[in-house]
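# Breakdown of the fold
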Number of protein chains: 4
Amino acid sequence: MAGNSFGKFFKLTSFGESHGKAVGGVIEGVMPGLEIDMDFIQGELNRRRPGQSSITTPRDEKDKVEILSGVMDGIATGTPIGFVIWNADQRSKDYGNIKDVFRPSHADYTYQSKYGIRDHRGGGRSSARETIARVVAGAIAKLTLKKYGVDIAAYTSQVGNIKLEKTYNELDLSKIEDNIVRCPDAEMAEKMIEYIDQVRQAKDSVGGVITCVVKNSPVGLGEPVFDKFHAEMGKAMLGINAVKGFEYGMGFKAGEMKGTEHNDEFYMEGEQVRTRTNKSGGVQGGITNGEDIYMNIAFKPIATILKEQNTVNKHGEEVQTTVKGRHDPCVLPRAVPIVEAMAAMVMVDMIYLNKMYS
Amino acid sequence: MAGNSFGKFFKLTSFGESHGKAVGGVIEGVMPGLEIDMDFIQGELNRRRPGQSSITTPRDEKDKVEILSGVMDGIATGTPIGFVIWNADQRSKDYGNIKDVFRPSHADYTYQSKYGIRDHRGGGRSSARETIARVVAGAIAKLTLKKYGVDIAAYTSQVGNIKLEKTYNELDLSKIEDNIVRCPDAEMAEKMIEYIDQVRQAKDSVGGVITCVVKNSPVGLGEPVFDKFHAEMGKAMLGINAVKGFEYGMGFKAGEMKGTEHNDEFYMEGEQVRTRTNKSGGVQGGITNGEDIYMNIAFKPIATILKEQNTVNKHGEEVQTTVKGRHDPCVLPRAVPIVEAMAAMVMVDMIYLNKMYS
Amino acid sequence: MAGNSFGKFFKLTSFGESHGKAVGGVIEGVMPGLEIDMDFIQGELNRRRPGQSSITTPRDEKDKVEILSGVMDGIATGTPIGFVIWNADQRSKDYGNIKDVFRPSHADYTYQSKYGIRDHRGGGRSSARETIARVVAGAIAKLTLKKYGVDIAAYTSQVGNIKLEKTYNELDLSKIEDNIVRCPDAEMAEKMIEYIDQVRQAKDSVGGVITCVVKNSPVGLGEPVFDKFHAEMGKAMLGINAVKGFEYGMGFKAGEMKGTEHNDEFYMEGEQVRTRTNKSGGVQGGITNGEDIYMNIAFKPIATILKEQNTVNKHGEEVQTTVKGRHDPCVLPRAVPIVEAMAAMVMVDMIYLNKMYS
Amino acid sequence: MAGNSFGKFFKLTSFGESHGKAVGGVIEGVMPGLEIDMDFIQGELNRRRPGQSSITTPRDEKDKVEILSGVMDGIATGTPIGFVIWNADQRSKDYGNIKDVFRPSHADYTYQSKYGIRDHRGGGRSSARETIARVVAGAIAKLTLKKYGVDIAAYTSQVGNIKLEKTYNELDLSKIEDNIVRCPDAEMAEKMIEYIDQVRQAKDSVGGVITCVVKNSPVGLGEPVFDKFHAEMGKAMLGINAVKGFEYGMGFKAGEMKGTEHNDEFYMEGEQVRTRTNKSGGVQGGITNGEDIYMNIAFKPIATILKEQNTVNKHGEEVQTTVKGRHDPCVLPRAVPIVEAMAAMVMVDMIYLNKMYS
């Protein structure tokens, strides 16, 4: 209600600031009896971790999750899983000089206005460091989805103007982790990496698009009329830091199309109703139809750039600011596991909700 | 929870099928003392009504809202407003021939799969007729927003490949209602209307984009980290029938941009913190900053086309189907008030939520 | 959220004032495929209806429910069931003289204070007439519970100082409807009726206790730690007009007991774990254990008495008031179906919630 | 939703088992700018802590709260407060012998049935150790209430058959902490302590009643018709371990009364509407009227007794069990701060909700 929880049954409540003691959360609705594979969870955290490669921030946050409850002898008991990730690398003095400054296109001004107070250190609550809690919950959601045979994969499909023309079904999604930009097309990945490197050297940042695909979804997920499958998915993705747009199926391209082009005819594949095309993106009337779900999520270039900018401070004075230190020129490679985490949480929650009708 | 409610405090719970007795709803959280201007509400319903013009469906549903509670002597009492709109023009026999058929890209198959039963008459619950309840609630939300000086306007910015190049601030939004397609650029409107007419004659349908603008928003709306302003707005829009995509601010274009291009520098305008540019679209860190909020909503071409299509029926047989009768070749003109209604509901709900911090 | 909804999945959102056009509601989460037996629903409404007998109010409200959605050919489709009960017998002029007066122990003053406005006619939203919506939803919940073999019965166990000493399992619950006070002990019923008649002649009112029993509950209902089975049940009952107390199992008597007296030893009955005694009232640790659930609900004497009382009006003047007209000297007989309705709704909701773990 | 959260705006989500690593939680909706007085919070924890006196369990859990987020320089920032209390004294081997046994009137059987797995060590999630998280949140709620001038006090008013005849307004509530049983009547406290000591020596346990009083409540709290003030308060109290009943105002005694006895006449005290009597207990129509709120909460004797009992184990075998070690013969003295904590949380949440109408 107050904005720190996601999901209805499979529910994450997160807490923590960038430079506080810890980031953590409580996960409710974990299936009793589920094996909690700590290596898998840690692997997911490593995918999100800064300092993985030359194109991401050199901070090594050494993110280790500590589970405090809800698991006994490696098995989920169905009670809430409390967890923390300690903030080892705080260095809050780096941020002393921007204590009162509203950095352009950051959340400094809006947090100050809304709450009358803010933790200025590294963005505080508005920092993407909070997403570490989502990756933990998402990893447990993925473990749950294995029981249902559902597969989720996300990849970087655009960095700046470098755009993958191939659609997800023309790509080999098993190659996503083969390069540091997490693009399954090796050639395009090369170009993206090169471009990000240029941007980094120019002390600038750049946006992009992540594509996310869900395969083997059960039929019937989604709760019309307001909690349609894609409405929940869209909210999940729009809640990720720096996201500016969401589309599924044909998305904005559907706006250019005619019904004769967009409609997906049904046919029978054995006992199973299938569609010959999948312009709908696996969702019709807000409910999954069993076809692949695919969606695009647009990220803005992050606001932290290492150049001088004009701005104001909280005393209403116009000042100039230059951020020093570490930054990610392009967040997309690290955002890939976050997108997957949100998708996994939505899937599990929707599967649970759909049990009502059983 | 079960998907028929929208909002936390200003909350609509809707009910009703296309060809049942009535569509209606319950609106909670209406400000006690608010004058309920029935003419205004009816005016909004008239904007959504079918049969307004040659380019919309010729059904005249004569939508009159009847308020059953929560209003005394024209004034809201703060108790829930129950209301109904009777379904005068049911003609359900038109639908007898498609009783067991899953129409391509409609919700027939997914509803049948999820619930094991469906009201096949005119799409039942999945019909856009349900949005009439949203327009009623949205009208009351708009009456509430007048107290706060907030303005909302939506318009058709794209029909098929006919796209407005001008941005919202290059247009005169007072001209939206000047033409039947609800596009404030008269010349482009002409082209859109002509195109829709062609599509109609070809028994086809066409998609498009609606742009929605919110001016004079209070600073501070939105509840991070999961219920960010734009995440709630996105969910609201994605919950409208036929919507496939949502973006705000630079949206997908932000994916192509650099930080130096996208960042909005702050300056002081008197006592007020302002931004020189507004690439952010009035939202930073998930919280409104007082600048204009602008967003695009992509609509697919509606699935109802008057041509023969291949499909299957609920007995697993492959059949052909041709829909007869009335249809909207392009829903965008009628969707404009629906988009505004959802935006208005989100705004009021967010304003209420923000009172927590007062 | 705003207080007009009950339940999470099997959810009623009610609307309506005593003297408005109608009372009604929206019921979500009705099992698709459920046969909606209108005669049964009407029968439940008749049990709640005023004017049933000499000891209840002589108003004949002729409460007929009209279902507007969610049901096709008598079968629930899984979409929300909207319904109204028209207020035939409004006679609001009876209430003109108390327009500005705060009647002692009514909700007049508190509604006026909270909302700044109130519908004074017959108590408006605070009138027990609203419970008619609960009886409709409760009837549908009962129809659902038949699928699960769950039985619910409530009865008047106390009127003033006339108290049934026998516990529920010493009574024949099939005799509840045999008399107008709804007490299954014929002799005690006689005394209660006589006493209520005296109270009525004295222009006074009297309180009492209703006992509610749920048999054949599934094991495992309830969501600790905050949404324990009995916590949800308690909230349900305390939300009924005029209720002042709730207890289950030994209730307040448990406060006098020792562990050796109160503990219920387990034993095996075939494959089934059972308890030899049932002091726990069918709930342990907030979760049902399959034994009978029994609870008591205390009702105050209703505030409407036909005697002159001192009070104040909304202008801050001390005045005297005498209510004229019709009143119920004792609401308990009519509250019996309301108690059952709330219990039924809680049971269905809890059964749904428990499906999460399947 | 899944039962581990309490409150809508001032919301606690708790986690943790008796013998896991830690108990903790996340508190949302803490007023930004609130001074978080750690000594006060610790003082509240000390009141709940075991081993305080000869009549409570001799375990010294040394409960120290560690705050992980949401507070900067001692001031709440409005972001969620994550916290943990480490479980120092785990000794889980004490519980090895009851691993598979369902202890009579504990939650062992119901947890096993619901989840198919349970943490048997010390009751796991069903242990009252979880209430430590409530005391932390309650302490922060109390700090918030100081801003509103609201006072909350609870005390032991009954232990077994030893019952305080004096009502709350005949007692000096400043003396609650003067004795180890937390009863403000010194003479009765003496008797209670003596009685508990006898019970302890008899290896038995005993129940009782806690009375809770809220003074200086704002007028207007509560959200009819389902979320009435006392319905929320009742749910809060019934969610505390071992609670079997809740009443407010005259409670069950109201069932014996007539309207002429129970009605509270209004009068003017200066500008303020007051009632001459307060049988209503400060709540009318589910909304506070500004008079004192008083309520009773009944506790059963706790199930842990040091005597041999018959029971069954999870293999369906009938066995005998004797709990060894430490136990509380009477939980009431330690439950007093828990009752206050729940009352404080409800008050803050209701105050926030009521801001909607401002």
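Criteria and cut-off values
- Residues numbered from 1 in each chain as written.
- Chains lettered and ligands numbered in written order.
- Predicted model: local features only at pLDDT ≥ 70, side-chain atom pairs only at ≥ 80, totals over all residues.
- Heavy atoms only, no water.
- UniProt positions renumbered as here; feature names shortened; annotations may be inferred.
- Helix = DSSP H or I, 4+ residues; strand = E, 2+ residues; numbered from the N terminus.
- Buried < 20%, exposed > 50% of the residue type's maximum accessible area, 1.4 Å probe, protein only.
- 1 Å grid on protein atoms, 1.4 Å probe; cavity = no way out; pocket = protein on both sides within 12 Å on 5 of 7 lines; lining within 4 Å.
- Contact = heavy atoms within 4.5 Å.
- Buried area = accessible area lost by both parts, 1.4 Å probe.
- Salt bridge = Lys/Arg side-chain N within 4 Å of Asp/Glu carboxyl O.
- Polar contact = N/O pair within 3.5 Å; in protein donor to acceptor, adjacent residues only side chain to side chain.
- Nonpolar A, V, L, I, M, F, W, Y, C, P; charged D, E, K, R; others polar.
- Pairing = 2+ DSSP bridges.

## Regarding the UniProt feature "binding site: NADP(+)" (unreviewed entry) in chain A
All names here are of chain A. In the UniProt entry, the feature "binding site: NADP(+)" (unreviewed entry) is given for Arg48. Looking at the secondary structure, you find Arg48 in helix α1 (residues 38-48). Its relative accessible area of 2% is what places Arg48 among the buried residues.

## Considering the UniProt feature "binding site: FMN" (unreviewed entry) in chain A
Here, UniProt's "binding site: FMN" (unreviewed entry) annotation points to A:Arg125, A:Ser126, A:Ser127, A:Asn241, A:Ala242, A:Gly285, A:Lys300, A:Pro301, A:Ile302, A:Ala303, A:Thr304 and A:Arg326. When the annotated set is filtered for residues lining the second largest cavity, what remains is A:Arg125. The exposure class assigned to A:Ile302 is buried, which follows from its relative accessible area of 17%. When near neighbours in sequence (up to four residues on either side) are disregarded, A:Ile302 contacts A:Ser205, A:Asp328, A:Val331 and B:Gly259.

## A look at the interface of chain B and chain A
Listed by partner, the interface residues are 108 residues for chain B and 108 residues for chain A. Here chain B meets chain A over a buried area of about 8,500 Å², counting both sides, of which 58% is carbon and sulfur. Contact with chain A buries surface across chain B, with B:Lys114, B:Phe226 and B:Lys244 losing the most and accounting together for 11% of the total. Linking chain B to chain A there are eight salt bridges. Here A:Glu232 makes a salt bridge to B:Lys235, at a shortest N to O gap of 3.3 Å. At the surface where chain B touches chain A, the tally comes to 57 residue pairs in polar contact (both at pLDDT 80 or more). Broken down by class, the residue content of the side of chain B that touches chain A amounts to 45 nonpolar, 39 polar and 24 charged. When strand β12 (residues 243-248) of chain A meets strand β12 (residues 243-248) of chain B, the two strands line up antiparallel, connected through three bridges. When the sheet's bridge partners are listed, A:Phe246 is paired in β12(B) with B:Phe246.

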